[in-house]
Amino acid sequence: MSVATRNGTGPVDAPVAPPRVVRQRRMRPGLLGLAVLLIALGGLGAAFAVTSVRATGSYLAVARAVEVGRQISADDLVPVQVAGGQGLSPVPAGRLDEVVGKRAAVSLTPGTLLTMAQLTDDPLLGPGQQQLALGLDPAEVPARRLHPGDKILLVSTPADDDGPAGAAARFEATVIDAVTSDDDDEVVVYLALAVRDVPAVVALSSQERLAVVLTEAA
């Protein structure tokens, strides 16, 4: 760059201004380390979330139907792989030896996962009891659903509606399980009943002369 002087001495080179240097801001080492840590933690969190969703475990499923009160055998169960099973409560496949020999506290349906709540070590029938199954219409069931342990009373109904009603027979029983039939709406109720009452209850059931009353819920 040149400028002209007023006395005519000719152009004179003017001093060139030095370039302006912009001072770069230095990042503190602590902040840089914190940023790296946050990025790393974010990546680990995402990886953990994906792993949790995709994680699979081996659990026990019911391979064939098991009736209430029957002991479980190894052939009744099959190991299956379930994704995300950590939030469920099925029995891990590694506990097969603990399950075999226990009794089914409820009816076990093929294709369902097994839980410890479905099993028991206690006998379902007490001393002097036998198991009996009654087929009932939905309107004859005293509750929307009967549960194991419910106490019921079986009451005989008159043989002839036109004749005078005699003294009704009463039989106490305990519900072991209740299952709705797939073919129709019939409800099959499994009962623990005193041995002495079984013949009379069977005879009254065949004549459709039994009423079921819920006396105590489990």
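Residues numbered from 1 in each chain as written. Predicted model: local features only at pLDDT ≥ 70, side-chain atom pairs only at ≥ 80, totals over all residues. Heavy atoms only, no water.

A. View of the overall build of the protein chain. Helix and strand content of the protein chain: three helices and 11 strands. Listing every helix and strand of the protein chain by position from the N terminus yields β-β-α-β-β-α-β-β-β-β-β-β-α-β. Of all 218 residues assigned to the protein chain, the portion counted as buried reaches 25%. Summarising the internal contacts of the protein chain: among those between residues at least 6 apart in sequence, 63% fall at separations of at least 24. Summed over its atoms, the accessible surface of the protein chain is roughly 15,000 Å², and 56% of this surface lies on carbon and sulfur atoms. (Helix = DSSP H or I, 4+ residues; strand = E, 2+ residues; numbered from the N terminus. Buried < 20%, exposed > 50% of the residue type's maximum accessible area, 1.4 Å probe, protein only. Contact = heavy atoms within 4.5 Å. Areas by Shrake-Rupley, 256 points an atom, 1.4 Å probe, with all protein chains shown as cover.)

B. Seen up close, the sheet that holds strand β9 (residues 170–180). The five strands are arranged β7-β10-β9-β8-β11 in an open sheet whose pairing can be described as antiparallel. Looking along the sheet, the strands with just one partner apiece sit at the ends: β7 (129–136) and β11 (210–216). Looking at each pair of strands side by side, their axes are set apart by 40 degrees on average, direction ignored. Alignment of β7 against strand β10 (residues 187–194), held across eight bridges, turns out to be antiparallel. When the sheet's bridge partners are listed, L134 is paired in β10 with V189. (Pairing = 2+ DSSP bridges. Axes fitted to C-alpha atoms, helices over the stretch in contact; angles between N-to-C directions.)

C. Quick peek at the pattern of salt bridges. Overall, the coordinates contain six salt bridges when judged by the stated rule. A salt bridge links R70 to E67; its shortest N-O distance comes to 3.1 Å. Exposure remark for R70: the relative accessible area of 30% places this residue in the partly exposed category. For E67, a relative accessible area of 45% gives the class partly exposed. Between R196 and D197 there is a salt bridge, with its nearest N and O atoms 4.0 Å apart. Of the residues examined, D197 reaches a relative accessible area of 14% and is grouped as buried. Overlapping salt bridges, with partners in common, bring together R64, E67, R70 and D76 in one network. (Salt bridge = Lys/Arg side-chain N within 4 Å of Asp/Glu carboxyl O.)

D. Representation of a negative patch on the surface in the model. Residues D137, E140, D185, E186 and E208 make up a contiguous surface patch of negative charge. On the basis of relative accessibility, which here comes to 32%, the residue E186 falls in the partly exposed class. (Patch = residues over 30% accessible without salt bridge, like charges linked within 9 Å, V, L, I, M, F, W, Y side chains within 5 Å. Lys, Arg positive; Asp, Glu negative; His and termini not counted. Charge placed at Lys NZ, Arg CZ, Asp CG, Glu CD.)

E. Broad picture of the confidence of the model for the protein chain. The pLDDT averaged across the protein chain works out to 79; a share of 68% of its residues lies at or above 70. Counting contacts from residues 1–6, a segment whose pLDDT is below 50, to residues more than four positions away or on other chains yields 13 contacts. Contacts from residues 47–54, a stretch scored under 50 in pLDDT, to residues over four places away or in other chains number three contacts. (pLDDT = per-residue confidence, 0-100.)

F. Structural context of the nonpolar core. Counting residues in each nonpolar core, the largest one holds 20 residues, and the members touching the most others are L134, I152, L154, V189, L191, L193 and V201. Secondary-structure elements contributing two or more residues to this core are β7, β8 (151–156), β9, β10, α3 (198–206) and β11. If sequence neighbours within four positions are ignored, L193 has contacts with G128, Q129, Q130, L132, L154, F171, E172, A173, V198 and V201. Counting 11 residues, the second largest nonpolar core, distinct from the first, contains L60, V66, L77 and L119. (Core = buried A, V, L, I, M, F, W, Y, C linked by side-chain atoms within 4.5 Å.)

G. Structural detail: the environment of L214. Looking at the secondary structure, you find L214 in strand β11. Setting aside its immediate chain neighbours within four residues, L214 contacts P142, A143, L146, D150, K151 and I152.

H. How the structure looks around the side chain of D76. With respect to the helices and strands, the residue D76 is situated in the loop between β3 (56–62) and β4 (77–83). At 2.5 Å, the side chain of D76 and the side chain of R64 are in polar contact. Residue contacts for D76: discarding those within four places in its chain leaves A61, V62, A63, R64, V66, R70 and Q71. (Polar contact = N/O pair within 3.5 Å; in protein donor to acceptor, adjacent residues only side chain to side chain.)

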